[in-house]
Amino acid sequence: QLHWGIAVLCIRAAARSEDLALHETARAWTERRASRGGTHSHHIEEQVQNFLLERTAVLKRFQRFPHANADRGRSARTSEQQWLDSDDCPSWAKVLWAKGRSPDSTTSGDSLG
């Protein structure tokens, strides 16, 4: 049994990857864990699952993270830019997108770790 703190770090790292297979592996693991019932707060487990699911949805939609384009030396596609400018774009993506575009930015990570 993997310690919950280590598991959360692994899931969050997977959620930041642009590898959809890694997202699916992390999703399957979180679902198995939830079905067994854990010793940790259901609320925290739900937050971790939502963190992963929100990012997986973006990755499935665009096959990459639009908010990371600047950090990865990519130009935004029209559909990505429209999404980043829209109210549909989650606040975490807008924050990371703004950090990536900032000339004095030293990190592309979000404040939640």
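What you see is a predicted model; the values in this text were computed from it and never measured.

## Overview of the overall build of the protein chain
(1) Moving on: Secondary structure summary: the protein chain contains five helices and zero strands in total.
(2) Moving on: In sequence order, the protein chain lays out its α and β elements as α-α-α-α-α.
(3) Moving on: Among the 113 residues that make up the protein chain, the fraction classed as buried is 34%.
(4) Moving on: Contacts in the protein chain between residues at least 24 apart in sequence constitute 51% of all its contacts with a sequence separation of at least 6.

## Structural notes on the packing of aromatic side chains
(1) Moving on: Counted according to the given criterion, the structure contains one aromatic pair.
(2) Moving on: Between Phe 62 and Trp 83 the ring centres are 5.3 Å apart and the planes differ by 55 degrees, which places this aromatic pair in the tilted class. Of the two residues, Phe 62 sits in helix α3 (residues 42–62) while Trp 83 sits in helix α4 (residues 78–85), which places them 21 residues apart along the sequence. Grouping residues by exposure puts Phe 62 and Trp 83 together as buried.

## Brief notes about the nonpolar core
(1) Moving on: Val 58, Leu 59, Phe 62, Phe 65, Ala 68, Trp 83, Leu 84, Cys 89, Trp 92, Ala 93, Leu 96 and Trp 97 form the largest nonpolar core, which has twelve residues in total.
(2) Moving on: Sorting the residues of this core by element identifies α3, α4 and α5 (91–101) as the ones contributing at least two each.
(3) Moving on: For this core, the element with the most residues is α5, which contributes four residues.
(4) Moving on: Ala 7, Ala 14, Ala 26 and Val 48 belong to the second-largest nonpolar core, a separate cluster that totals ten residues.

## A short note on the confidence of the model for the protein chain
Low-pLDDT stretches of the model should not have their predicted coordinates read in fine detail.
(1) Moving on: Here the protein chain averages 83 in pLDDT, while 84% of its residues score no lower than 70.
(2) Moving on: Every residue in residues 104–113 scores below 50 in pLDDT, and together they form 17 contacts with partners more than four places removed in sequence or on other chains.

## Structural notes on unusual backbone geometry
(1) Moving on: A positive phi is found at Gln 63, a non-glycine position, where the angle reads about 65 degrees.
(2) Moving on: Along the chain, Gln 63 turns up in the loop between α3 and α4.

## Focus on the pattern of salt bridges
(1) Moving on: The full count for this structure, using the stated rule, is eight salt bridges.
(2) Moving on: Ionic pairing is found between Arg 27 and Glu 24, a salt bridge with its closest N-O pair at 2.9 Å. Residue Arg 27 and its partner Glu 24 are located together in helix α2 (residues 20–36), separated by three residues, close to a single helical turn.
(3) Moving on: Its relative accessible area of 24% is what places Glu 24 among the partly exposed residues.
(4) Moving on: The salt bridge involving Arg 64 is made with Glu 80; its shortest N-O contact spans 2.6 Å. With a gap of 16 residues between them, Arg 64 in the loop between α3 and α4 and Glu 80 in helix α4 connect regions that are remote in the sequence. This pair shows no difference in class: Arg 64 is buried, exactly as Glu 80 is.
(5) Moving on: Bridged by salt links that share partners, the residues Glu 24, Arg 27, Glu 31 and Lys 60 form one connected network.

About the cut-offs
- Every chain begins its residue count from 1, and numbering advances along the sequence as written.
- Totals for whole chains, interfaces and linings use all residues, but because this is a predicted model, local features are given only for residues with pLDDT of at least 70 and pairs of side-chain atoms are given and counted only at 80 or more.
- Working from all heavy atoms in the structure, the side-chain values ignore hydrogens and water.
- Every helix listed is a DSSP run of H or I at least four residues long, and every strand listed is a run of E at least two residues long, numbered separately from the N terminus.
- Buried means the residue's accessible area, taken with a 1.4 Å probe over protein chains only, is under 20% of the maximum for its type, while exposed means over 50%, and partly exposed covers the values in between.
- It only takes one pair of heavy atoms within 4.5 Å for two residues to be counted as in contact.
- Only rings of Phe, Tyr and Trp enter the pairing, Trp through its six-membered ring, and a pair is recorded when the two centres are within 6.5 Å. The plane angle decides the type: under 30 degrees is stacked, over 60 is edge-to-face, the rest tilted.
- Among buried residues, those of type Ala, Val, Leu, Ile, Met, Phe, Trp, Tyr and Cys that are joined through side-chain atoms within 4.5 Å constitute a nonpolar core.
- A residue's pLDDT is simply how confident the predictor is in it, with values from 0 to 100.
- Whenever Lys or Arg places a side-chain nitrogen within 4 Å of a carboxyl oxygen from Asp or Glu, that contact is recorded as a salt bridge.

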